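Remarks on the overall topology
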Amino acid sequence: MLLGMGLMAGTLAVPVTIPKTTVYAAASTQQVIGHGEWKQENGKWYYYQDGKMLKNCWVKDGIDWYMLNEDGTMKSDEFIKIDNDLYYFRGWGGMLYNSWYTDAEGNRYYFRDWGGAMNIPCVIDGVRYVFDSNGHLVEKDLDAEVGVKTVKNFLKNALLPVGNTLYVWAGGHDDADATRYGVNPQWEKFFNSQDENYNYTQHRYEYGNGLDCSGYVGWAVHQVMEDWATTTSTIMPRYYYQKGWGSYRENDTSMKFQTGDVVSMSGHVWIVIGQCSDGSAVIMHATPPYVQISGTVSSSGSTNSEAIQLAKQYMSKYYPVGYERYGNRIASKSYMTGVNHFTWSSSVLADPDGYRNMTSAQILADLFGE
């Protein structure tokens, strides 16, 4: 990565040097911003500062970055690779960022906010994409579907707010979000407006800005069942049982879970992705400060459980902004025993993909197309 997340802000304190290229930042001693001018000569564009043509460098003009070749000509309609990161300069010269691009051969790219093409699996606007090392889009997951009553589709819907939606007390309990199909764009917009100091206690009842635990589970269930599915957290598993959707065990101490189970304790509810060989479970839940994948301790209480390692692996890889900002919650043994436990009937939520016979690692790998 050339300038990291700070590239477009232009706030680096010193110039960064890479092979054959000098990066000029707004606060550097070699500042070019606001002091030079573009000149067109013989159909080519050049940048002059204090009467001198600049060469072999980046130039920031306004909000856009440009690159000058060794002969001083401006790059245009051209790819360049620097330190394994691919950049594209548009026909008028400005570096492309925060945008999709399709080249003449039909290859699709996504250029990040600092300009480099995405070259790893990632989630963009709630959809998972896979890019190869050249930045080419090689796979896009089918969007989660409304009304498709399968375990996999339920989990895919539940993944949509993960890593981009903050915990908001009572969020999801208003009619608009509880009956909404698809994500509310405001969830991610509010997430992006906050930082690592987010405190959910200062945002209670801000309907539409995020989700609490039962608002999240209720919204996810609504996507597949197309029926009202939101109630208070503790009684949610029993509520689904009363709707005739599956079986229910109160104060369950078995520590045995199936994929897609909805489980609660007093004041909290979550969705089970799968259970590991050490008894730990990978779950999805809205817990302060954001919606996330978490792992429980093992059945013996170890915090070095398989589920915790898997949760950290997938949160850090696919949701790096949320993970770096807020970390990842470890779910204690209270998530395992003495819980209210709902399991879907196979006649209600089918499992044609065989998720109930897979390990947690296999399920996650399939969900993320690995």
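Residues numbered from 1 in each chain as written. Predicted model: local features only at pLDDT ≥ 70, side-chain atom pairs only at ≥ 80, totals over all residues. Heavy atoms only, no water.

Another aspect to go through is the sheet that holds strand E19 (residues 290–296). The seven strands are arranged E15-E21-E16-E17-E18-E19-E20 in an open sheet whose pairing can be described as mixed. At either margin of the open sheet sits one strand with a lone partner, and together these are strand E15 (246–252) and strand E20 (330–331). Taken together, the four bridges between strand E17 (residues 268–275) and strand E18 (residues 281–287) define a ladder with antiparallel strand orientation. The residue bridging Val 272 from the neighbouring strand is Ile 283, located in E18. Set on the sheet, helix H8 (residues 360–367) makes contact with E17 and E18; between it and E17 the angle comes to about 95°. (Pairing = 2+ DSSP bridges. Helix = DSSP H or I, 4+ residues; strand = E, 2+ residues; numbered from the N terminus. Contact = heavy atoms within 4.5 Å. Axes fitted to C-alpha atoms, helices over the stretch in contact; angles between N-to-C directions.)

Let us look at the pattern of salt bridges. Summed over all chains, the structure comprises nine salt bridges. With a shortest N-O distance of 3.6 Å, Arg 90 and Asp 64 are connected by a salt bridge. One end of the pair, Arg 90, is in the loop between strand E9 (85–89) and strand E10 (99–102); the other, Asp 64, is in strand E7 (residues 64–68), and 26 residues separate them in sequence. Classification of Asp 64 as buried rests on a relative accessible area of 13%. With a closest N to O distance of 3.1 Å, Glu 78 and Lys 75 form a salt bridge. Note on Glu 78: relative accessible area 29%, which makes it partly exposed. Relative accessible area serves as the criterion here: at 9%, Lys 75 is assigned to the buried category. (Salt bridge = Lys/Arg side-chain N within 4 Å of Asp/Glu carboxyl O. Buried < 20%, exposed > 50% of the residue type's maximum accessible area, 1.4 Å probe, protein only.)

Per the counting criterion, the structure on display carries 35 aromatic pairs. Relative to Tyr 101, the ring of Phe 79 has its centre 6.0 Å away and its plane inclined at 65°; by these criteria the two rings are edge-to-face. One end of the pair, Phe 79, is in strand E8 (residues 78–82); the other, Tyr 101, is in strand E10, and 22 residues separate them in sequence. With centroids separated by 5.2 Å and ring planes inclined at 40°, the aromatic side chains of Phe 79 and Tyr 109 adopt a geometry described as tilted. Of this pair, Phe 79 sits in strand E8 while Tyr 109 sits in strand E11 (residues 108–111), and the two are 30 residues apart along the sequence. We classify Phe 79 as partly exposed; its relative accessible area is 29%. Joined through ring pairs, the aromatic side chains of Phe 154, Tyr 239, Tyr 240, Trp 245, Phe 342 and Trp 344 make up one cluster. The ring of Tyr 48 has Lys 39 lying over it, and the distance from NZ or CZ to the ring centre is 4.9 Å. Across the ring face of Trp 169, the terminal group of Arg 204 is positioned such that the distance to the ring centre comes to 4.4 Å. (Phe/Tyr/Trp six-rings, centres within 6.5 Å; stacked < 30°, edge-to-face > 60°. Lys NZ or Arg CZ within 6 Å of the ring centre and 35° of its normal.)

This part is about the confidence of the model for the protein. With 89% of its residues at a pLDDT of 70 or more, the protein shows a mean pLDDT of 87. Every residue in residues 1–32 scores below 50 in pLDDT, and together they form 80 contacts with partners more than four places removed in sequence or on other chains. (pLDDT = per-residue confidence, 0-100.)

If you look at the biggest cluster of nonpolar residues, it comprises 56 residues, and the most contacted ones within it are Phe 154, Tyr 216, Met 284, Ile 293 and Trp 344. The contact partners of Trp 344, leaving out residues within four places of it in the chain, are Phe 154, Val 221, Met 225, Trp 245, Gly 246, Gly 260, Asp 261, Val 262, Leu 349 and Arg 356. Formed by eleven residues, the second largest nonpolar core is a distinct cluster that contains Val 272, Ala 281, Ile 283 and Ala 331. (Core = buried A, V, L, I, M, F, W, Y, C linked by side-chain atoms within 4.5 Å.)

Glancing now at the packing of helix H1 (residues 151–159) against H8. A packed helix pair is summarised by two numbers, namely the angle formed by the two axes and the spacing between the axes. At their nearest, the axes of H1 and H8 sit 11 Å apart, and the two run at 70° to each other. Here H1 lies roughly perpendicular to H8, going by the angle between them. Relative to H8, H1 is oriented so that their crossing is right-handed. Of the residues in H8, those in contact with Lys 152, Leu 155, Lys 156 and Leu 159 of H1 are Ile 363, Asp 366 and Leu 367. (Parallel < 35°, antiparallel > 145°, perpendicular 65-115°, else oblique. Left-handed = near helix turned anticlockwise from the far one by under 90°.)

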